[in-house]
Amino acid sequence: MTYREQLNELVTEYRRDWQDDASCKGLDPDIWFLDRVQSARTAKRICSDCPVRIECLVFALSNNERFGVWGGMTEAERKKIRRAEQMPLDVPVDLEIEG
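Our subject in this report is the structure included herewith.

Reading guide: rules and limits
Residues numbered from 1 in each chain as written. Predicted model: local features only at pLDDT ≥ 70, side-chain atom pairs only at ≥ 80, totals over all residues. Heavy atoms only, no water. Core = buried A, V, L, I, M, F, W, Y, C linked by side-chain atoms within 4.5 Å. Buried < 20%, exposed > 50% of the residue type's maximum accessible area, 1.4 Å probe, protein only. Contact = heavy atoms within 4.5 Å. 1 Å grid on protein atoms, 1.4 Å probe; cavity = no way out; pocket = protein on both sides within 12 Å on 5 of 7 lines; lining within 4 Å. Points joined across faces, edges and corners; volume = space filled by probe spheres on them. Helix = DSSP H or I, 4+ residues; strand = E, 2+ residues; numbered from the N terminus. Nonpolar A, V, L, I, M, F, W, Y, C, P; charged D, E, K, R; others polar. Axes fitted to C-alpha atoms, helices over the stretch in contact; angles between N-to-C directions. Parallel < 35°, antiparallel > 145°, perpendicular 65-115°, else oblique. Left-handed = near helix turned anticlockwise from the far one by under 90°.

**Focus on the nonpolar core**
Part 1 of the argument: Of all hydrophobic cores here, the largest spans seven residues; its members are W18, A22, C50, V52, C56, A60 and W70.
Part 2 of the argument: Filtering out sequence-adjacent residues up to four positions away, C56 remains in contact with W18, W70 and G71.
Part 3 of the argument: Grouped together as the second largest cluster of nonpolar side chains are five residues, W32, A40, A43 and C47 included.

This is the structure in structure tokens:
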């Protein structure tokens, strides 16, 4: 079992109902699934105060979500994390969040 799968298992055991508390619940999904022209700022602003932001991000990483903003991170930002997981621990990685 990979580190990501273990982390997802722990989070889902802890809070299976995390989506019920999400700040995005009931909002237009188009806010999170943008085309290249649109900005992710609105989604990131909503995510920034979300009480389940970490659970959402772990879910996205564990399920290899390739589209949309999850846990306040775009697909490009999550891709950096996925790449970092495959690198040796002594390789520095820039995981700065844009926005």
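Next comes the rest of the description.
**A short note on the layout of surface pockets**
Which parts of space are left empty comes out when a probe the size of a water molecule is rolled across the atoms.
Part 1 of the argument: Taken as a whole, the second largest pocket encloses approximately 330 Å³ of empty space.
Part 2 of the argument: Around the second largest pocket sit 20 residues that line it, and A22, C24, W32, C56 and W70 are the ones nearest its centre.
Part 3 of the argument: Elements with a minimum of two residues in the lining of the second largest pocket: α2 (41-48) and α3 (53-62).
Part 4 of the argument: The residue inventory of the lining of the second largest pocket, partitioned by class, reads 14 nonpolar, four polar and two charged.

**Here we look at the environment of F59**
Part 1 of the argument: When you line up the elements, F59 lands in helix α3.
Part 2 of the argument: By relative accessible area, F59 is classed as partly exposed at 21%.
Part 3 of the argument: With 12 residues separating them in the primary sequence, F59 and G71 have C-alpha atoms 8.6 Å apart.

**A look at the packing of α3 against helix α4 (residues 75-85)**
Part 1 of the argument: Here α3 crosses α4 at 65°, and the two axes come no closer than 11 Å. As summarised for this structure, α3 and α4 are arranged roughly perpendicular, according to the angle between their axes. In this structure, α3 crosses over α4, and the sense of that crossing is right-handed. Where α3 abuts α4, its residues L57, A60 and L61 lie against R78, I81 and R82.
Part 2 of the argument: Partitioning the contact of α3 with α4 into residue classes produces four nonpolar, no polar and two charged.

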